[in-house]
Amino acid sequence: MHKSADLQEIVDEIAARLGASATLEDRSFRLLAYGAQHGAIDTVRQESILRRRATGEVRDYFERYGIAGADGPVRIPADAELQVLARVCWPLRHRGVTYGYLWLLDSGELGDAPLHAVAPLVARAAAVLAQEARSRQDIGRGLLGLFSPDPEERAEAAIEVPGPVAAVAVRESDERVAALWTLPRGVLARAGSPVALLAPAHLAGEVAQTLQSAYGTAAGIGGARNDPGEAWLSWREARHALRIAEHFPRHAPVARWEDLGVHRLLARLGPSDLRELAAETAALDGELAHTVEAYLDHGGHAQKTAAELGIHRQTLYYRLGKAERLTHKDLSDGDDRLAVHLGLKAARLSGQDAR
């Protein structure tokens, strides 16, 4: 994805010309390239190279100096508490948009003239990142074609990605916006309802957590596929998993398809099938439905259920008896218990849950 060789070449040349340690990061402070070490090194540079990105505390310190909107180099003083050496941050801006940052450790010898001399290299690095961002946007537009169940539409998408991959579905938010372009390399993204992503399988969890936190909503992760041509199956699973995450707190806020057990079957059911199952428990109000579901979730263990609900066991037995009378079901009978349990779960998914 990133033109790593081009960026590495640029960083090496800048470091050699200035005689300074240099690193290049994208705008989410994820390391993309770094040059040979010159002189002292601080904890921030070590962590950036070893962990591939800076800590949140350090990012907050740097952003305090207005680097996101600066048009040229920004000098940042040392901070003993954060173990930060003085450095120069040069935002990589192209046509008014910041795509990343060049960092230069400054021992006090980086004057304006040497910095001015490497300005063309900085501009070149910004252009490379801008081109890569545009390329990702173009690919994102074809992502839904890759996720289509129609073989012809998938063929027309003409997107080639290495496997194994996993799809991620994230519920969008009216109040928040996530910077999809800052996701790790190799991740394809398309805004929509829900937000669609295709990631290397080993990054799917990280990507889902990142975007779920950014939007403050929920996310679902489909099963991994070694063959990217089957990504559409993973996308279908991701959307099902998202539904489960949105309706069942136990699986929120990020649900993985392979962890959902019987909920996978429920998620595959259409509206009419869910309504039919939910009808088994339509007579239960919110409190009774919650009590019975907790009881069945605990496998009929009264003590655990009462403790979770914060009620006396006699109160629990009273509610269970009332539920049996209303549903005409015997909760000591296996088939009746299964019907009630599935009915309560289906009511959640179909929007008929009184809770």
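Keep in mind it's a predicted model, so treat the numbers as computed, not measured.

Each value, and the rule that gives it
Residues numbered from 1 in each chain as written. Predicted model: local features only at pLDDT ≥ 70, side-chain atom pairs only at ≥ 80, totals over all residues. Heavy atoms only, no water. Core = buried A, V, L, I, M, F, W, Y, C linked by side-chain atoms within 4.5 Å. Buried < 20%, exposed > 50% of the residue type's maximum accessible area, 1.4 Å probe, protein only. Helix = DSSP H or I, 4+ residues; strand = E, 2+ residues; numbered from the N terminus. Contact = heavy atoms within 4.5 Å. Arc of directions from axis to C-beta. Pairing = 2+ DSSP bridges. Axes fitted to C-alpha atoms, helices over the stretch in contact; angles between N-to-C directions. Polar contact = N/O pair within 3.5 Å; in protein donor to acceptor, adjacent residues only side chain to side chain. Expected span 1.5 Å × (residues − 1). Patch = residues over 30% accessible without salt bridge, like charges linked within 9 Å, V, L, I, M, F, W, Y side chains within 5 Å. Areas by Shrake-Rupley, 256 points an atom, 1.4 Å probe, with all protein chains shown as cover. Salt bridge = Lys/Arg side-chain N within 4 Å of Asp/Glu carboxyl O. Lys, Arg positive; Asp, Glu negative; His and termini not counted. Charge placed at Lys NZ, Arg CZ, Asp CG, Glu CD.

Caption draft 1: Expanded view of the nonpolar core. Within the largest apolar cluster, 31 residues are counted, with the highest numbers of intra-cluster contacts made by Leu143, Phe147, Leu198 and Trp235. Counting only elements with at least two residues in this core, the list comes to α6 (143-146), β6 (165-170), β8 (195-200), α9 (231-247), α10 (263-268), α11 (271-278) and α15 (334-350). With seven residues, the top contributor of residues to this core is α9. Beyond its immediate stretch of four places on either side in the chain, phenylalanine 147 contacts Ala167, Ala196, Leu197, Leu198, Ala231, Trp232 and Trp235. Of all hydrophobic cores here, the second largest spans 28 residues; its members include Val11, Ala33, Leu115 and Val128.

Caption draft 2: Spatial organisation of helix α13 (residues 302-309). The complete set of buried residues in α13 reads Ala302, Thr305, Ala306 and Leu309. Seen end-on, α13 carries its buried residues on one side only, within an arc spanning 95 degrees. Exposed side of α13, more than 90 degrees from the buried face: Gln303 and Ala307 are the residues found there. Buried positions along α13 lie against α12 (286-297) and α14 (313-327). The positive-phi residue at the C-terminal boundary of α13 is glycine 310, with phi of around 70 degrees.

Caption draft 3: Spotlight on the sheet that holds strand β2 (residues 31-34). Reading across from one edge, β2-β1-β5-β4-β3 is the order of the five strands in this open sheet, with antiparallel pairing throughout. With one partner strand each, in any of the chains shown, β2 and β3 (74-76) form the two edges of the open sheet. Averaged over all neighbouring strand pairs, the angle between strand axes comes to 25 degrees, with direction disregarded. The pairing of β3 with strand β4 (residues 87-94) spans three bridges and is classified as antiparallel. Counterpart to valine 74 in the pairing with β4 is cysteine 89.

Caption draft 4: Representation of the side chain of aspartate 106 in the model. Topologically, aspartate 106 is positioned in the loop between β5 (97-105) and α4 (112-117). The class for aspartate 106 is buried, based on a relative accessible area of 17%. In terms of polar contacts, aspartate 106 uses its side chain to reach the backbone amide nitrogen of glycine 108, at 2.8 Å. For aspartate 106, the residues in contact, after removing those within four places along its chain, are Arg75, Ala86, Arg87 and Val88.

Caption draft 5: Expanded view of α15. Relative to the 24 Å expected for 17 residues at 1.5 Å per residue, α15 spans 24 Å between its end C-alpha atoms, a close match to the ideal helical length. For α15, every residue scored as buried is listed here: Asp336, Val340, Gly343, Leu344, Lys345, Ala346, Ala347, Arg348 and Leu349. Of the surrounding secondary structure, the elements contacted by the buried residues of α15 are α9, α10, α11 and α12. The residue sitting at the N-terminus of α15 and contributing the capping side-chain oxygen is aspartate 333; that oxygen lies 3.1 Å from the backbone nitrogen of aspartate 335. At the exit of α15 stands glycine 351, carrying a positive phi of roughly 80 degrees.

Caption draft 6: Representation of a negative patch on the surface. On the surface, a cluster of negative charge is made up of Glu57, Asp60, Glu63 and Glu81. Position of glutamate 81 relative to the elements: it lies in the loop between β3 and β4. The class of glutamate 81 is exposed, set by a relative accessible area of 73%.

Caption draft 7: Region of the structure containing the sheet that holds β6. Strand order in the open sheet formed by five strands is β7-β8-β6-β9-β10, and the pairing between neighbours is mixed. Only two strands of the sheet have a single partner each, and these edge strands are β7 (188-190) and β10 (254-256). In this sheet, adjacent strand axes meet at a mean angle of 15 degrees when their direction is disregarded. On the sheet, helix α8 (residues 204-215) packs against β6, β8, β9 (219-221) and β10 and is oriented at approximately 150 degrees with respect to β8. α9 contacts β6, β8, β9 and β10 of the sheet and is inclined by roughly 35 degrees relative to β6.

Caption draft 8: Broad picture of the side chain of aspartate 336. Within the secondary structure layout, aspartate 336 lies in helix α15. The side chain of aspartate 336 is buried and forms no salt bridge, while lysine 329, the nearest opposite charge, is found at 4.2 Å. When sequence neighbours within four positions are dropped, the list of residues in contact with aspartate 336 reads Lys329 and Asp330.

Caption draft 9: Structural view of the pattern of salt bridges. Under the counting rule described, the total for this entry stands at 15 salt bridges. The residue aspartate 106 makes a salt bridge to arginine 75 at a minimum N-O spacing of 3.2 Å. A residue pair is termed long-range when its members are at least 10 positions apart, and aspartate 106 in the loop between β5 and α4 and arginine 75 in strand β3 qualify at 31 residues. A salt bridge links lysine 329 to glutamate 280, with the shortest nitrogen-to-oxygen separation between them at 3.2 Å. One end of the pair, lysine 329, is in the loop between α14 and α15; the other, glutamate 280, is in the loop between α11 and α12, and 49 residues separate them in sequence. We classify lysine 329 as buried; its relative accessible area is 19%. The exposure class of glutamate 280 is partly exposed, given its relative accessible area of 31%.

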